[in-house]
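# Descriptive analysis of the structure
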Amino acid sequence: GGVRILAVERRRRAPQKGARHLELLGNVTFLERPFHPTTLVSLARSALRGRKRQYEARSRLVALRESEARYRTLFDTMDEGFCVIRFLDGPEGLLSDYVHVQANPAYERHAGIPQVVGQKVRERVPDEAEGWVTLYRRVLLTGEPIRFEKELVATGRHLELAAFRVEPPNRREVAVIFQDVTERRKAELALRHLNETLERRVEDAVAERAVALAQLHEAQKLETLGQLTGGVAHDINNLLTPITGAL
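An account of the accompanying structure is given in this report. (Residues numbered from 1 in each chain as written. Predicted model: local features only at pLDDT ≥ 70, side-chain atom pairs only at ≥ 80, totals over all residues. Heavy atoms only, no water.)

Here we come to the overall build of the chain. Helix and strand content of the chain: six helices and seven strands. Going from N to C terminus, the chain has its helices and strands arranged as β-α-β-α-β-β-α-α-α-β-β-β-α. Within the chain, the fraction of its 247 residues that count as buried is 23%. Taking as baseline every contact in the chain between residues at least 6 positions apart, the subset at least 24 positions apart corresponds to 49%. Surface accessibility of the chain: about 17,800 Å² in total, with carbon and sulfur atoms responsible for 56%. (Helix = DSSP H or I, 4+ residues; strand = E, 2+ residues; numbered from the N terminus. Buried < 20%, exposed > 50% of the residue type's maximum accessible area, 1.4 Å probe, protein only. Contact = heavy atoms within 4.5 Å. Areas by Shrake-Rupley, 256 points an atom, 1.4 Å probe, with all protein chains shown as cover.)

What follows is the structure, encoded as structure tokens:
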């Protein structure tokens, strides 16, 4: 609606009727008569500025709601696991623990941990919590995002992760996007094992060939020596035959 201006006569007592109108109409500016035109213009401008601020606030609220709806759609439908963790102080010191404050539906599928929201890392995976805390705390303190691969030992999942700080820093929050790469990791290990096996086979084949060549070379030397010995013996016999005949 528009700006409402209600003119009332000045009285010694507060106008009760005007007060009732104020309660019913809400966005009302009261003027007491007699009044100067400048006062009316000033009050009208003030009321218009107030209404403009209301429209701007409403527009920002609508934009915010639309943004939240887009974020929620992305949050619920994205293939990757996503969570926001908030750091806490604990018995181990400042920023020594964190709690999951948000997690999308894909979190459980990739990490293998159900209903993670509200869980502290030192309670959920106590044996490996220190390593996770160290990685994410560095992101929180430096503001530098990181990408890395790490095994979540508790569930046997190999994860590929990216983490970045949620601004402002005083929120003490880090956002993490990740996916399960266990099958890819297994394939890589199998390929590496195959390559190592092939390398060993090639090395064994080369060694066997070297041994065979050495044996062949030795046999050829013996054969040559035998032929040489036979020729020398034949020549000696030829030399001795006239001598023995003369005797």
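Okay, back to it.
A separate point is the sheet that holds strand β4 (residues 93-103). Taken in spatial order, the five strands of this open sheet run β4-β3-β7-β6-β5, and their pairing is antiparallel. Unpaired on one side and paired on the other, β4 and β5 (146-152) mark the two borders of the sheet. When the angles between neighbouring strand axes are averaged without regard to direction, this sheet yields 35°. Relative to strand β7 (residues 173-180), strand β6 (residues 157-166) is paired through eight bridges, and the arrangement is antiparallel. Across the sheet, residue Phe164 finds its bridge partner in β7, namely Ala175. (Pairing = 2+ DSSP bridges. Axes fitted to C-alpha atoms, helices over the stretch in contact; angles between N-to-C directions.)

Sheet analysis places strand β3 (residues 81-90) next to β4, joined by seven bridges and oriented antiparallel. Considered in β4, the bridge of Arg86 is made with Val99.

All right, on to the packing of aromatic side chains then. Counted by the stated rule, this structure contains six aromatic pairs. On the basis of an interplanar angle of 70° and a centroid distance of 5.9 Å, the ring pair of Tyr98 and Tyr136 is categorised as edge-to-face. With Tyr98 in strand β4 and Tyr136 in helix α5 (residues 129-142), the pair connects residues that are 38 residues apart, well separated along the chain. On the basis of relative accessibility, which here comes to 3%, the residue Tyr98 falls in the buried class. Residue placement shows Lys150 over the ring face of Trp132; its charged tip is 5.2 Å from the ring centre. (Phe/Tyr/Trp six-rings, centres within 6.5 Å; stacked < 30°, edge-to-face > 60°. Lys NZ or Arg CZ within 6 Å of the ring centre and 35° of its normal.)

Taken as a whole and judged by the stated rule, the model has 11 salt bridges. Bridged by salt links that share partners, the residues Glu149, Glu160, Arg184 and Glu188 form one connected network. (Salt bridge = Lys/Arg side-chain N within 4 Å of Asp/Glu carboxyl O.)

Along an α-helix, residues three or four apart share an orientation, since each turn contains 3.6 residues. Taking 1.5 Å per residue as the helical rise, α5 with its 14 residues ought to reach 20 Å, and the 20 Å between its terminal C-alpha atoms agrees with that figure. The set of residues buried in α5 consists of Ala129, Trp132, Val133, Leu135, Tyr136, Val139 and Leu140. Down the axis of α5, the smallest arc covering the buried residues is 165°, so these residues share one side. Structurally, α5 contributes buried residues whose contacts are with β3, β4, α4 (121-124), β5, β6 and β7. Backbone geometry just after α5 places Gly143 at a positive phi near 80°. (Expected span 1.5 Å × (residues − 1). Arc of directions from axis to C-beta.)

In this structure, Glu173 sits in strand β7. Of note is the side chain of Glu173, whose polar atom sits 3.1 Å from the side chain of Arg171. Once residues within four sequence positions are removed from consideration, Glu173 is found in contact with Val84, Ile85, Arg86, Val101, Leu140, Arg165 and Val166. (Polar contact = N/O pair within 3.5 Å; in protein donor to acceptor, adjacent residues only side chain to side chain.)

Side chains of a nonpolar character, in soluble globular proteins, are inclined to be buried together. Among the nonpolar cores identified, the biggest contains 27 residues, and Phe87, Tyr98, Tyr136, Leu161, Val174 and Val176 are the most heavily contacted of them. Those elements that place two or more of their residues in this core are β3, β4, α3 (106-111), α5, β5, β6 and β7. Residues within four places of Tyr136 in sequence aside, it is in contact with Ile85, Phe87, Tyr98, Phe148, Leu161, Ala163, Val174 and Val176. (Core = buried A, V, L, I, M, F, W, Y, C linked by side-chain atoms within 4.5 Å.)

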